[in-house]
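These are the residues of each chain, in order.
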Amino acid sequence: RMLLPKYPNCAMLLLTWLLFLVGLSHAQLVPKVVVVTTFPPEFVRWKERLQLKEELQFPGGAGSKVLCWNSELEVLGMVTGETSKHAAQSVTAL
């Protein structure tokens, strides 16, 4: 026998509120510009010139497992790796 709440609308409202609160606990980056390169040596110049010093873990990326961020300029940088498959995987994971 399945136990259903007496007031399903209240249960749904509570679940929605809890999901909203969980979402607030995770900070989101909203970059103005995203620099996407294919090769790591190509990215090094962007990283130096834009001072992308903050490194963020990016397990979904195909080319590099790290994203680089400059919070002052609000610029995000990433290396996708070669082939359109890797580029699609990395950009979709963002």
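Look a little higher up for the structure.
What you see is a predicted model, and the numbers here were worked out from it, not measured in a lab.

### So, the layout of surface pockets
Here comes step 1: The volume enclosed by the largest pocket comes to roughly 210 Å³.
Here comes step 2: L29, P31, V34, L56, F58, L67, L76, A93 and L94 together form the lining of the largest pocket.
Here comes step 3: Broken down by class, the residue content of the lining of the largest pocket amounts to nine nonpolar, no polar and no charged.

### Some details on the environment of V79
Here comes step 1: Of note, V79 is situated in strand β4 (residues 75-79).
Here comes step 2: On a C-alpha basis, the gap between V79 and F39 in space is 6.4 Å, while along the polypeptide they are 40 residues apart.
Here comes step 3: Non-local contacts of V79, meaning those with residues more than four positions away in its chain, are made with T37, T38, F39, P40, F43, G63, S64 and S90.

### Some points on a nonpolar patch on the surface
Here comes step 1: Residues V34, V36, V91 and L94 make up a contiguous nonpolar surface patch of about 310 Å² in total accessible area.
Here comes step 2: Structurally, the position occupied by V36 is in strand β1 (residues 33-37).

### Brief notes about unusual backbone geometry
Here comes step 1: Positive phi, normally seen in glycine, also occurs at E74, with a value near 55 degrees.
Here comes step 2: Overall, the relative accessible area of 28% leaves E74 in the partly exposed class.
Here comes step 3: Of note, T83 is a non-glycine position whose phi angle comes to about 80 degrees, a positive value.
Here comes step 4: For T83, the location among the structural elements is in the loop between β4 and α3 (84-93).

### Comments concerning the side chain of N70
Here comes step 1: Mapped onto the fold, N70 is located in strand β3 (residues 66-70).
Here comes step 2: The exposure class of N70 is buried, given its relative accessible area of 9%.
Here comes step 3: A polar atom in the side chain of N70 sits 2.8 Å from the backbone oxygen of L50.
Here comes step 4: Among the polar contacts listed, one links the side chain of N70 to the backbone nitrogen of E72, at a separation of 2.9 Å.
Here comes step 5: Sequence-distant contacts of N70, that is, excluding residues within four places in its chain, are made with L50, Q51, L52 and V75.

About the criteria used
- Residues numbered from 1 in each chain as written.
- Predicted model: local features only at pLDDT ≥ 70, side-chain atom pairs only at ≥ 80, totals over all residues.
- Heavy atoms only, no water.
- 1 Å grid on protein atoms, 1.4 Å probe; cavity = no way out; pocket = protein on both sides within 12 Å on 5 of 7 lines; lining within 4 Å.
- Points joined across faces, edges and corners; volume = space filled by probe spheres on them.
- Nonpolar A, V, L, I, M, F, W, Y, C, P; charged D, E, K, R; others polar.
- Helix = DSSP H or I, 4+ residues; strand = E, 2+ residues; numbered from the N terminus.
- Contact = heavy atoms within 4.5 Å.
- Patch = residues over 30% accessible without salt bridge, like charges linked within 9 Å, V, L, I, M, F, W, Y side chains within 5 Å.
- Areas by Shrake-Rupley, 256 points an atom, 1.4 Å probe, with all protein chains shown as cover.
- Salt bridge = Lys/Arg side-chain N within 4 Å of Asp/Glu carboxyl O.
- Buried < 20%, exposed > 50% of the residue type's maximum accessible area, 1.4 Å probe, protein only.
- Polar contact = N/O pair within 3.5 Å; in protein donor to acceptor, adjacent residues only side chain to side chain.

Limitation: the analysis is restricted to geometry and does not speak to function.
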